[in-house]
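Coordinates in review
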Amino acid sequence: MSPLPSALPFWLSFGLLPLALVAMTWGGWTIALLPLSTWWLFTILDALTGHNTANPDPQTPDTALSAYRLVTLVWPPVQFALLALMLWQVPQAPHLDRGEKIALFFGMGVLSGTIGINYAHELMHQKSGLERWLADLLLASVLYSHFRSEHLRVHHIHVGTPRDPVTARYNEGFHRFFPRVLVQCPPSAWRAEVAMLSRRGLPWWHRSNPFWRYAALQAGFLALALALGGWTGLGLFLIQAGTAVWQLELVNYIEHYGLTRRHLGNGRYEHVLPRHSWNADQRASNWLLINLQRHSDHHYKPDRRFPILQTYSSSEAPQLPYGYPLMTMAAMVPPLWKRIMNRRVKAWRRQHYADIKDWHPYNKALNPVTG
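Heads up: these notes are all about the structure in this document. (Residues numbered from 1 in each chain as written. Predicted model: local features only at pLDDT ≥ 70, side-chain atom pairs only at ≥ 80, totals over all residues. Heavy atoms only, no water.)

The secondary structure content of the chain amounts to 14 helices and two strands. Here the C-alpha radius of gyration of the chain, 21 Å, is about what a compact globule of 371 residues would show, namely 21 Å. If you line up the chain on its principal axes, its C-alpha atoms span 65 × 55 × 45 Å. A burial count over the chain gives 56% of its 371 residues as buried. (Helix = DSSP H or I, 4+ residues; strand = E, 2+ residues; numbered from the N terminus. Rg over C-alpha atoms; globule rule 2.2 N^0.38 Å. Buried < 20%, exposed > 50% of the residue type's maximum accessible area, 1.4 Å probe, protein only.)

Rendered as structure tokens:
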């Protein structure tokens, strides 16, 4: 792996930042450039650049990955600076009407959700204190700090079982999935942290409970939005945060849709394997999403940094027909999504679990779970 040339495409996300500045300056149709570029530009680039089925050496040391790691270390302060600038300027901008201001912060939410939360996801998996703090700050900037606890303490442990709220069930449309996870994930994350404290002999109110840090950071961002942009700025900040969360949960929805681990009895399940996540090796959208689409390997080996994640053949992991940008748009139209995906889920079941005849407990998350 030649570090610098191979890492350069992953810096493409920074090319979206000037679009936000153009939109702030000119308004009008330029406001559409940011969300459309995030969704459609990389879909077009996927069609032009094709698939990347090459696998880097998984034993590559961190010292050889500096040019890649820098992407996720530089992005957070840049995103915070852009958000602060927008909160300072947009609420009082005379050349922008109310609809344009809302649309601008919707576009900012697409950016902070598609890239910011995704980079936070990479950072939270690392051992470095700096990286984990940057993850916490990115998540606090969209008021979704509990995602770290839910993702590390619940999702990775219980993916593909009824204990995992964000494993989308077969035939569950996104518009049912989204409110369900908004309700279920915060208490699920809280219970996981309280259980961990209890195993250490500590009460839920102990200062090491990360929820106190989450609350303080989120309060700080709300106060900053109010200080920079007044009540209008606070409202626009909330639009940005809500849009980012919507983007995150769209991705969560497509990553494991309909994929379940075999119930072994007594609330036990088979180990997580590459076949329990949808894989996508579209080249350009993996540049944008720092290989998040190699999700089968991420769950199989969650400690691997993004540059060395592996891709898999269709015999080892189910394949999405398109990259995440296009698939998340399809997910917004449930009949279209089900037309594309339900037959693929059924084929996956025939391939890996031909002996299971009754899928109703899996479809409805009715299989028993351990305590």
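Now that the structure has been shown, the text picks up again.
With that out of the way, let us pick up the pattern of salt bridges. Scanning all chains against the criterion turns up 10 salt bridges. One salt bridge in this structure joins Arg 148 and Asp 136, with 3.0 Å as the shortest N-O distance. Of the two residues, Arg 148 sits in helix α7 (residues 146–158) while Asp 136 sits in helix α6 (residues 129–140), which places them 12 residues apart along the sequence. Asp 355 is paired through a salt bridge with Arg 262; the nearest N and O atoms lie 2.8 Å apart. On the criterion of sequence distance, the pair formed by Asp 355 in the loop between α13 (334–352) and α14 (360–363) and Arg 262 in the loop between α9 (210–255) and β1 (263–265) is long-range, its members being 93 residues apart. Where salt bridges share partners, they join Asp 62, Arg 69, Glu 131 and Arg 305 into one cluster. (Salt bridge = Lys/Arg side-chain N within 4 Å of Asp/Glu carboxyl O.)

One pass over the structure, following the stated rule, counts 27 aromatic pairs. One aromatic cluster is present, formed by Tyr 170, Phe 174, Phe 177, Phe 178, Tyr 253, Tyr 257 and Trp 337 through successive ring pairs. Over the face of the ring belonging to Trp 133 we find Arg 213, whose NZ or CZ atom lies 5.6 Å from the ring centre. (Phe/Tyr/Trp six-rings, centres within 6.5 Å; stacked < 30°, edge-to-face > 60°. Lys NZ or Arg CZ within 6 Å of the ring centre and 35° of its normal.)

For the rest of this paragraph, the subject is the environment of Leu 226. Assignment of secondary structure puts Leu 226 in helix α9. Distance from Leu 226 to Gly 109, taken between C-alpha atoms, is 17 Å for residues 117 residues apart in sequence. Apart from the residues within four sequence positions on either side, Leu 226 is in contact with Trp 231 and Leu 234. (Contact = heavy atoms within 4.5 Å.)

Everything listed here is a matter of coordinates, which is why it stays silent on function.
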